[in-house]
Structure formats: C-alpha cells, structure tokens
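# Survey of secondary and tertiary structure
What follows is each chain in one-letter form.
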Amino acid sequence: MTEPLVLIAGGGIGGMALALTLHQIGVRCKVFESVRELKPLGVGINIQPNAVRELFDLGITADMLDKVGVPAREWALVGRNGQEIYAEPRGLEAGYNWPQYAVHRGELHMLLYETFRARAGEEAVILGAKVTGYRKNPDGTVTALLRHADGSSSEETGTLLIGADGIHSAVRAQMHPDQPPIHWGGAVMWRGTAMAKPVRTGSSFIGLGSHRHRMVIYPISPVDPQTGLARINWIAEVTYDDISKRDATGWFRQVEVEDFFHHFSDWTYDWMDVPALLRGADVAYENPMIDRDPVDTWVDGPVALMGDAAHAMYPTGSNGASQAIIDARTLGVMMLAHGVTPEALAAFDEKLCGPVSQLILRNRGAGPFGLLNMVDERCGGDFDNIDDVIPPEERASFMGAYKAAAGFAKDALNAAPRMIAEGVRVPAPAPVSAPV
Ligand SMILES: Cc1cc2nc3c(=O)[nH]c(=O)nc-3n(C[C@H](O)[C@H](O)[C@H](O)COP(=O)(O)OP(=O)(O)OC[C@H]3O[C@@H](n4cnc5c(N)ncnc54)[C@H](O)[C@@H]3O)c2cc1C
C-alpha cells in the first residue's frame, strides 16, 4: 500500500495548523492555496488559551508568539456612558495554564506558514492553486480538481481531502450544493490599527458602547519602551436596520476613516479618545459581519471541512481562528485513533459539528457581548451602578455559560491531558504481502 496523502484546500490559519499537525504525527500532506503569494493580511485576532496550548504543542513557542502579538490580560465591557459593565482577567491572569494571545492575524499566519515550510519543505505548499471541486474515486481515494494561477488545470489524488478554504469554500459548495447564501444580520465592521497608549491593564480587550453601536479595542503588540505606545487594534461597528441598502458580500474592502468617522466622532472619555484612535489608523477596512447557516455534516466520505469552511461565525466570541486550530488538532487526534481514513473524518464530524454549530448560532445572538443587549433592554444604557441593572452573579453566570459552550472553561482545560501526546505518530499502513 502507498503512503497515505492528505490534500488540504486552503493555506490559511486552519490549513497551516492542520499541515503542522499532520507533519507532527507523520502523515504526508500537500497544501493547495489559491493566492500566488501569501502576505500578512488582516488585523487583530484573539487566540484563546485552548488553542494557544495546541500551538505550544506544535512547537510554536511563547517567544515566537510574542513577536506577532501580546498576551491578553483582561476582557471588559464598558457602556457608552464610559462606566464598566463587566470585567474579568484572561489567560494566565485568570488561572489558565496557557496564555490568551491578541495577535496580528497576518503575522500569525506567516509564522505558521514559514514554520511549516521549514519543517516539511517548500514543495509542501503549492501557491496559485485553487481547489475548484473534488471527485470521489471507486477505490476510496479522492481527487482534488485544481485551477492554477496561469490558467491551467490539473488534478491531484490523495487518501483524504480537507477543505480549509474559508467562508467562500468551494469544497463546501460541492458538499452542500443547496446551502443558503452567506448570512448577514446587518452589522458592519470597520477595522484598523493605530499606535496609541494602551489603557486599563495595558493589555485589555474592551467592548465599548451598545450591542448595535460599539467599539472593540485591544493592543496586539507590547508597549514600545521608547514611545510608550503599542499597536492598538480597533473594530468600529454599527448595525443597520435596513439590510437591503448594503452589499454584504465584500470582504476586506479598504475604505477611508472619513466614511464612518461620524458614527464615533464624539466618543471621547477621560480614559479613551476614540476619534483620535480612528484618525491614527494607517489603513482601514470595511467588512460586513457575516457567517453561514450551520450544516448537518462536515464530511462526505474521504472529504471533510474545517475552519471557516465548516463553521464561519461572527467574530463576537473571538473564536474563529481558535476553533480552526482546535479542528486541526482534533483531525490529528482522530487520525491517530482511526488511521488516515474516512472513519477518522466521521469521528471528527461526530465530535465537533453539533457543538460548534450551536456556537455559530450563539455568536449570532451577540455571543459574550450579550451583556450589552441586557443593559440596553433593561435601562437603555443609562446607569450609575451596573449592579442595579444586572447583579454580579447574573453577569458571572452569563459569561460562565458562554465560556463553557465555547470550549474554554478553565478547569476543564487545565485538567485535560494533551490532545496529542508528544512523539506519537500514525502507524504506517501494513505492507501488502506478496501472493504466495
Ligand atoms: C486575507 C484574510 C484576512 C483576514 N483578516 C481577519 C481579521 O482581521 N480579523 C478576523 O477576525 N478574521 C480575519 N480573517 C478570518 C480568519 O483568519 C478566520 O476566521 C480564521 O483564521 C479561520 O481560518 P481558516 O483557515 O478557516 O480560513 P481563512 O483564514 O479564510 O483561510 C482560507 C484560506 O484558503 C484560501 N482559499 C480560499 N478558497 C480556496 C480554494 N478554493 N482553493 C485553495 N485555497 C483557497 C484563502 O486564500 C485563504 O488563505 C481573515 C481571513 C483572510 C483570508
């Protein structure tokens, strides 16, 4: 029998985490990435402790992560009136055995890509190769259909195909031809970064405003000792009632700060100057907050979906990239248990598709920002003492339920053994004995 080969469609954070995992457990893989050149695109994202743990187990060290981001210390919600609604420590400060990281999405992506290429060789990632679909073969293998940047087409056959090709996944489109179009609930995000002085703990994630009109602000670099400034990621967000007026299909369109500045022009506090932060951006992007309706399975025989291809979700819970990393590790776990087989994919589907689909719907309902909805509903955002609006126990129980559902409950994570033990490898298939 020939050595198994896993084909991966898409070399984003999910595809690279899977490629690194397969390399670690001794499974051959090839990554097909549609763009001709990978660049450090995007702005800030959070990597939750459960996913940081997996990066550490992949040999991505704290020193490496410190070059692309900063450990997060606090998560806080603040009302439009500038008063605190909820705050809790995060990462190591919260008692997790692993930090939470706020990173630059593109720089983390490049770190994973370069690490994989250094370990597996340049030829393991094929750039400018778009997977347009797949064919399941009678012998149980699968063929990925490829279109190259030069206009040519080719095919590649492997044991399994994993669609890590993002929210517009071609693999998913073939697996679920009747899926509804991308879902948009009316929220638009403008994103950017600016150099500014960090507030609160110096590494706090701050959700400021109401659930339909808010800023999310957090640093993604350490403070420069010379200037006292850090790179601050900001997301300015407004929810529109009439969604027919806007185009919800764009993704990362570059815009001018002037286009949306008026929504936040008077958001000035003694501890935070939002207009100055927006004006300080080198570049700003607009993208609608979109996701996809959950599907009942991510698997079609030797083909599986992972990452945004499986479960694109609103970024309100900061768990899109973290879940993509957990998907990759779970696929590795299942291949260790079942070999490089469709059974491994079925076990992956069984474990994650149901609960993560619930998370998609939970994030649609505002995710952990749900506390802002409650404040709006109960007092219209006007309060002196938050305890009179939502008692502390109710705030704590709301957040506890969210974190348990999102898979980053602290005690369970700290007590859990490694997902993939050090040094384990998928056994090579037994050689076919020659006929006597
Ligand atoms: C350019 C870019 C910028 C982003 N910026 C942010 C951000 O600032 N904040 C945030 O919260 N999230 C951002 N995201 C989304 C975030 O990275 C994901 O939600 C999360 O990391 C899960 O990653 P993924 O690997 O499943 O999908 P993605 O990160 O979307 O990666 C998918 C990869 O597959 C490639 N691809 C797509 N179709 C095909 C195909 N048919 N064949 C082969 N390759 C294909 C894409 O080029 C991409 O590299 C961004 C995504 C991209 C692609």
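The structure reproduced in this document is the subject of the present report. These numbers were taken from a predicted model, which means no experiment stands behind them.

Below, the discussion takes up the packing of aromatic side chains. Taken as a whole and judged by the stated rule, the model has ten aromatic pairs. Relative to F369, the ring of F205 lies with its centre 6.3 Å away and its plane at 50°, an arrangement referred to as tilted. Of this pair, F205 sits in strand β14 (residues 204–210) while F369 sits in the loop between α10 (342–364) and α11 (370–379); the two residues are 164 residues apart in sequence, bridging distant segments of the chain. F205 sits in the buried class, given a relative accessible area of 6%. Of the aromatic side chains, those joined through ring pairs into one cluster are W75, Y86, F205, Y218 and F369. For R279, the ring lying beneath its charged end belongs to F261, and the centroid distance is 3.8 Å.

Take the sheet that holds strand β15 (residues 213–219) next. Two strands in a sheet stick together by hydrogen bonds in their backbones, pointing the same way (parallel) or opposite ways (antiparallel). An order of β6-β5-β14-β15-β16-β13-β18-β17 is seen for the eight strands of this open sheet, with the pairing classed as mixed. Whereas interior strands pair on both sides, the edge strands pair on one side only; in this sheet they are β6 (84–89) and β17 (253–255). Ignoring which end each strand starts from, the neighbouring axes of this sheet average 20° apart. Pairing geometry for β17 and strand β18 (residues 284–291), over three bridges, is antiparallel. Residue pairing across strands places R253 opposite E286, the latter belonging to β18.

What follows covers helix α1 (residues 13–24). With twelve residues, α1 should cover 16 Å at 1.5 Å per step; its first-to-last C-alpha distance of 16 Å lies within 8% of that length. A large share of α1 lies buried, amounting to ten of its twelve residues. Along α1, the residues that are buried comprise I13, G14, G15, M16, A17, L18, A19, L20, T21 and L22. One or two positions beyond α1, positive phi appears at G26, with a value near 80°.

A few words on the sheet that holds strand β20 (residues 303–305). Across the sheet, which stays open at both edges, the six strands sit in the order β8-β2-β1-β12-β20-β19 with mixed pairing between neighbours. With one partner strand each, in any of the chains shown, β8 (125–127) and β19 (299–300) form the two edges of the open sheet. Two strands pair when backbone bridges link them, and strand β1 (residues 5–9) and strand β12 (residues 160–163) are joined in this way by four bridges, in the parallel orientation. Note on β12: the bridge partner recorded for A9 is G163. Of the strands in this sheet, β2 (28–33) and β8 touch helix α4 (residues 105–120), which is tilted by about 120° from β8.

All right, on to the nonpolar core then. One finds V6, I47 and L108 to be the most contacted residues of the largest nonpolar core, which totals 78 residues. If one sorts the elements of this core by residue count, α10 sits on top with nine residues. Excluding anything up to four places from it in sequence, V6 contacts L22, V27, R28, C29, K30, L160, I162, M335 and V340. Membership of the second largest hydrophobic core comes to 32 residues, among which are W190, A194, F260 and V274.

Turning to the site of the ligand, a few remarks are in order. Near the ligand there are 30 residues, and of these G14, E33, V43, R191 and D308 occur at the shortest range. In the model, an oxygen atom of the ligand is placed 2.8 Å from a nitrogen or oxygen of the G14 main chain. The backbone of V131 places a nitrogen or oxygen atom 2.9 Å from a nitrogen atom of the ligand. The protein chains hide 86% of the 920 Å² of surface that the ligand would expose on its own. Only α1, β2, β3 (44–47), β9 (129–136), α8 (307–311) and α9 (320–338) provide two or more residues apiece to the shell around the ligand.

This next bit is on the pairing of strand β16 (residues 230–239). On a regular strand, each side chain points to the face opposite its neighbour's, so the side chains alternate between the two faces of the sheet. The buried fraction of β16 amounts to nine of the ten residues, a majority that puts the element mostly inside the structure. Where strand β13 (residues 183–196) meets β16, ten bridges bridge the pair, whose relative direction is antiparallel. Residue pairing for β16: V188 is matched across the bridge by V238. Strand direction decides the pairing type here: β15 and β16, joined by seven bridges, are antiparallel. Residue pairing for β16: I217 is matched across the bridge by W234.

What follows deals with the side chain of N137. Note on placement: N137 falls in the loop between β9 and β10 (142–148). Within the structure, the side chain of N137 is placed 2.9 Å from the side chain of T143, a separation counted as a polar contact.

Counting through the fold element by element, M215 comes out in strand β15. Given a relative accessible area of 0%, M215 falls into the buried group. Sequence spacing of M215 and W267 is 52 residues, and the spatial spacing of their C-alpha atoms is 9.6 Å. Those residues within four positions of M215 in sequence are excluded, and the remaining contacts are I206, G207, L208, W234, I235, A236, F264, W267, V274 and L278.

For α4, built from 16 residues, the straight-helix expectation of 22 Å at 1.5 Å per residue is met to within 8% by its first-to-last C-alpha distance of 22 Å. Those residues of α4 that sit buried are G106, L108, H109, M110, L111, L112, Y113, T115 and F116. Positive phi shows up at G121, right after α4, with a value of about 100°.

About the thresholds
Residues numbered from 1 in each chain as written. Predicted model: local features only at pLDDT ≥ 70, side-chain atom pairs only at ≥ 80, totals over all residues. Heavy atoms only, no water. Phe/Tyr/Trp six-rings, centres within 6.5 Å; stacked < 30°, edge-to-face > 60°. Helix = DSSP H or I, 4+ residues; strand = E, 2+ residues; numbered from the N terminus. Buried < 20%, exposed > 50% of the residue type's maximum accessible area, 1.4 Å probe, protein only. Lys NZ or Arg CZ within 6 Å of the ring centre and 35° of its normal. Pairing = 2+ DSSP bridges. Axes fitted to C-alpha atoms, helices over the stretch in contact; angles between N-to-C directions. Expected span 1.5 Å × (residues − 1). Contact = heavy atoms within 4.5 Å. Core = buried A, V, L, I, M, F, W, Y, C linked by side-chain atoms within 4.5 Å. Near = heavy atom within 4 Å. Polar contact = N/O pair within 3.5 Å; in protein donor to acceptor, adjacent residues only side chain to side chain. Areas by Shrake-Rupley, 256 points an atom, 1.4 Å probe, with all protein chains shown as cover.

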